[in-house]
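What follows is the residue order along each chain.
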2 protein chains.
Amino acid sequence: MEALSERQKLILTLVIHEYIRTAAPVGSNHLVTHYHLDFSPATVRNELQALTEMGYLRQPHTSAGRVPSDEGYRYFVGRLLQQSDMPSSTQRTITHQFYQMRHDTDQWMRLAASVLASQSRAASMVTAPHPEQVLYKHVELIATRGRQVLMVLVMLGGEIRQRLLTLSEPVSQEQLSAAADRLNALLQGKDTLAIQALSLPLDALEQAILDWVVDEMARADALPSGEVYLDGLTNVVGEPEFSDSEEARRTLRLLEERTLLNDLLTRSTVLTDAPVGGVQVLIGGEGSYDELRRCSVVLARYGAPGLAMGTLGVLGPMRMPYGRAISTVRFLAGLLSELVADTLVE
Amino acid sequence: MEALSERQKLILTLVIHEYIRTAAPVGSNHLVTHYHLDFSPATVRNELQALTEMGYLRQPHTSAGRVPSDEGYRYFVGRLLQQSDMPSSTQRTITHQFYQMRHDTDQWMRLAASVLASQSRAASMVTAPHPEQVLYKHVELIATRGRQVLMVLVMLGGEIRQRLLTLSEPVSQEQLSAAADRLNALLQGKDTLAIQALSLPLDALEQAILDWVVDEMARADALPSGEVYLDGLTNVVGEPEFSDSEEARRTLRLLEERTLLNDLLTRSTVLTDAPVGGVQVLIGGEGSYDELRRCSVVLARYGAPGLAMGTLGVLGPMRMPYGRAISTVRFLAGLLSELVADTLVE
DNA sequence: TTTAGCACTCGAACGCTGAGAGTGCTAAAA
DNA sequence: TTTTAGCACTCTCAGCGTTCGAGTGCTAAA
């Protein structure tokens, strides 16, 4: 594939800009008048023809303007789009919002999804950070009423799991605290397998608690990733490519299944020619999902490598504002990584 | 308003059934042939005319069939719809799903929203149970690294809040445990104001922790309700009344704002003539929201009165399957109430 | 290499028309 | 008095031809 001339790059960029703005096929006259080009429509037509032959543009029909093809978008994102950052004032505002919030993963994820959606003007998806290895940190037992005990299990990395247990007989808070202290001393930093392999001289209460702990840790192990948070579905429904409500329904369905992000990540790590600053851009489903044929996904991982990682991304029509989306995703991935690192429980 | 004859009730019911099924205006011939009525289309026409004059039906235009009016739906839901329960096999399956899940409010709410959406075939909304009065139960302090401490605060009713604190200087786990024990003894069962009013002889560490506790409890007090969980937005997008994507966008926007349920509840407690078994049905927005003019909402409160209450509901087009929606909402409200009561931390 | 000129193409919009569904009215039947 | 058959009337919708205009590709001149 021959290289594009500078003028061709310019024209491709303009076509994509204009198409993203208006959602209508772009014609030669329109380009010249709208962008005050110093060459004539005829020249533009020749270049459009060339770009079409190279596969970067399509014509919906003979006498319509041009529309970017999947390849066109890919070329644009990979080589023409100049990287930009979010305005630093916006960055500060958002950072502030996160820091003034109490430390609570659930709240953070909701805020992240909300910010991602409103900034990128697309649908957003965020998974909570999930430890790659589940390690014991601390257990706490709180007597409530009768034989019920509230167990709070803290994992290394800061994940907290709560569970209400029912014991075979009532136990005092003192006994519970003693059992918790004992287990905390014994299990510190161990993973599920190591704990299961241990054979310890425990009394009945301690053994019962240990069983619950192992069960809970095994569940955490089994989870492929954290919970998925969605927001901004509204942004997508309004777009003209989803005016066909059946198309819209199927795409939203895919989002609501809440497996998309993980599927995409496990399916292929090298997704595009040009993953920018850790941000991956997937255009037109890139073969993986039929429902995504008309969509693009911008995604990134975040977290503390080796300890706890999560994913976040946005989904929109192919004519999404890539600059905005990429800079938002990159910024939020960085911010969340920072937050995770800061609050990591060691 | 004069009473309806039995035949008029029958015909109104059939029109609503048929319209809910097909989303198309219902004509006299269609009714007679489809339901094998033993009177003629002309008779049906007379009745349709009477029902239209009484305001229970509308004609989109002179020569179309009839469509239920808001009043028609209200009459139907209030007086004609016979109450039904979900099949007990389904009830068992769902109950089982909840009970085999570990006790975790977040998981329960997600499951509830998901079940509600799939059973009622509409968009579902669930708010987490929120205590009407925030009372102290227990605090736990876990040393992590350096000056960071993970605080886990348990409220009466079982709500758990976690927060990562940064102290002015490193403190050992022993000191932390001692401080926690002291506070637990002093604050048991108190509310925010009572704790603030207390003047206690505390050392610096204890006082710092107390401040965090008060801050956290004040936040919980300030929250009007628990987090809002959404699901099944897809169900709504597919409906023909939302094929106008602008209409759909505005309605979904309302859902994504996540204030709908609480707004509805605070705005008016007596919502319809016939709240059935604690379930309230709101048809056509009933004056409260313009965006809801074409929607109906079925909702109920659940929880342990006086201790912790939440709300759940479904939103769909006016021609939603009310029987299904109402029985699903009623069943889930009951089930969640049971779960909340069972696991209440006293 | 660029550009003006021009014939050509094709979809969108518009208006017309006929078919069909459904009504309301009237008068006869029950 | 109630029900029903008959019938004229109304209004939407789908189909169809036509026009309009945007945009193209080609050619020949600049």
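Residues numbered from 1 in each chain as written. Chains lettered and ligands numbered in written order. Predicted model: local features only at pLDDT ≥ 70, side-chain atom pairs only at ≥ 80, totals over all residues. Heavy atoms only, no water.

Per an unreviewed UniProt entry, chain A carries the name Heat-inducible transcription repressor HrcA and comes from Levilinea saccharolytica. Under the heading Sequence similarities (unreviewed entry), UniProt records this for chain A: "Belongs to the HrcA family." In UniProt, chain A has this text filed under Function (unreviewed entry): "Negative regulator of class I heat shock genes (grpE-dnaK-dnaJ and groELS operons). Prevents heat-shock induction of these operons." (UniProt positions renumbered as here; feature names shortened; annotations may be inferred.)

**Student:** What should I look at first to understand helix H2 (residues 28-35) of chain A in this one?
**Tutor:** Owing to its 3.6 residues per turn, the α-helix aligns residues three or four sequence positions apart on the same side. Residues and elements named next belong to chain A. Among the residues making up H2, those that are buried are Ser28, Leu31 and Val32. Looking down the long axis of H2, one finds its buried residues gathered within 95° of arc, a one-sided arrangement. Buried residues along H2 sit against helix H1 (6-22) and helix H3 (41-53). Backbone geometry just downstream of H2 places His36 in the positive-phi region, at approximately 50°. (Buried < 20%, exposed > 50% of the residue type's maximum accessible area, 1.4 Å probe, protein only. Helix = DSSP H or I, 4+ residues; strand = E, 2+ residues; numbered from the N terminus. Arc of directions from axis to C-beta. Contact = heavy atoms within 4.5 Å.)

**Student:** Help me out: how do you make sense of the domain arrangement of chain A in this one?
**Tutor:** Quite often, the size of an interface is put as the accessible area lost when its parts meet. According to the domain assignment, chain A contains domain 1 (6-80), domain 2 (88-129 + 226-342) and domain 3 (136-222). Relative to domain 3 of chain A, the C-alpha centre of domain 2 of chain A lies at a distance of 36 Å. (Domains from an automatic or database assignment.)

**Student:** Could you clarify how one ought to interpret the protein's contact with DNA strand C in this entry?
**Tutor:** Ser40(A), Thr43(A), Thr62(A), Ser63(A) and Ser28(B) are the nearest of the 21 residues found near DNA strand C. In DNA strand C, atoms within 4 Å of the protein come from the sugar-phosphate backbone in 78% of cases. Interatomic distance of 2.3 Å between a side-chain N/O atom of Thr43(A) and a phosphate oxygen of DNA strand C. Take Gln59(B): an N or O atom from its side chain is 3.3 Å from a phosphate oxygen of DNA strand C. For the surface near DNA strand C, the elements supplying multiple residues, two or more each, are H3 of chain A together with helix H3 (41-53) of chain B. Ranked by the residues each element gives to the surface near DNA strand C, the list is headed by H3(A), at four residues. Looking at the surface near DNA strand C, its residues break down into four nonpolar, 13 polar and four charged. (Near = heavy atom within 4 Å. Polar contact = N/O pair within 3.5 Å; in protein donor to acceptor, adjacent residues only side chain to side chain. Nonpolar A, V, L, I, M, F, W, Y, C, P; charged D, E, K, R; others polar.)

**Student:** What's the story with the interface of chain A and chain B in this structure? I'm lost.
**Tutor:** Every contact between the two is made by 50 residues of chain A and, on the other side, 50 residues of chain B. Among the residues of chain A in contact with chain B, Arg102(A), Gln162(A) and Thr234(A) are the three that bury the most area, contributing 15% of the side total. Scanning the region where chain A abuts chain B turns up two salt bridges. Of the charged contacts, one joins Glu227(B) and Arg110(A) as a salt bridge, the two residues approaching to 3.5 Å between their closest N and O atoms. Our count for the contact surface shared by chain A and chain B stands at 15 residue pairs in polar contact (both at pLDDT 80 or more). Per-element accounting of the side of chain A that touches chain B gives the leading share, six residues, to helix H11 (residues 245-257) of chain A. (Buried area = accessible area lost by both parts, 1.4 Å probe. Salt bridge = Lys/Arg side-chain N within 4 Å of Asp/Glu carboxyl O.)

**Student:** Looking at this model, I keep getting lost on the packing of H1(A) against helix H4 (residues 70-80) of chain A. Mind explaining?
**Tutor:** Any two packed helices are characterised by the angle at which their axes cross and by the distance between the axes. Residues and elements named next belong to chain A. Two elements in contact, H1 and H4, have axes separated by 11 Å at closest approach and are oriented at 110°. Taken together, the axis directions place H1 and H4 in an arrangement best described as roughly perpendicular. Between H1 and H4 the crossing geometry is left-handed. Here Lys9, Leu12, Thr13, Ile16 and Tyr19 of H1 lie close against H4, whose contacting residues are Gly72, Tyr73, Tyr75, Phe76 and Leu80. Along the lines of polarity and charge, the residues of the contact of H1 with H4 split into seven nonpolar, two polar and one charged. (Axes fitted to C-alpha atoms, helices over the stretch in contact; angles between N-to-C directions. Parallel < 35°, antiparallel > 145°, perpendicular 65-115°, else oblique. Left-handed = near helix turned anticlockwise from the far one by under 90°.)

**Student:** What am I meant to see in the pairing of strand S9 (residues 280-283) of chain A here?
**Tutor:** Successive residues of a regular strand alternate their side chains across the two faces of the sheet. Residues and elements named next belong to chain A. Of the two faces of S9, both are covered, the one formed by Gln280 and Leu282 as well as the one formed by Val281 and Ile283. Judged from the four bridges that link them, S9 and strand S10 (residues 295-304) form a sheet pairing that is antiparallel. Its bridge partner lying in S10, Gln280 is registered against Leu299. (Pairing = 2+ DSSP bridges.)

**Student:** Where do I start with the pattern of salt bridges in this structure?
**Tutor:** Oppositely charged side chains may form a pair once their charged atoms are brought near each other. Inspection of the entire model under this criterion finds 42 salt bridges over all chains. Here Arg250(A) ties to Glu247(A) by a salt bridge, and the two come within 3.8 Å at their closest N and O atoms. Remark: Glu247(A) and Arg250(A) occur in helix H11; sequence separation between them is three residues, near one turn of the helix. Classification of Arg250(A) by relative accessible area gives partly exposed; the value is 34%. The salt bridge partner of Glu18(B) is Arg21(B), with a shortest N-O separation of 2.8 Å. Taken together, the residues Glu18(B) and Arg21(B), both in helix H1 (residues 6-22) and three residues apart, mark about one turn of the helix. Given the relative accessible area of 0%, Glu18(B) is considered buried.

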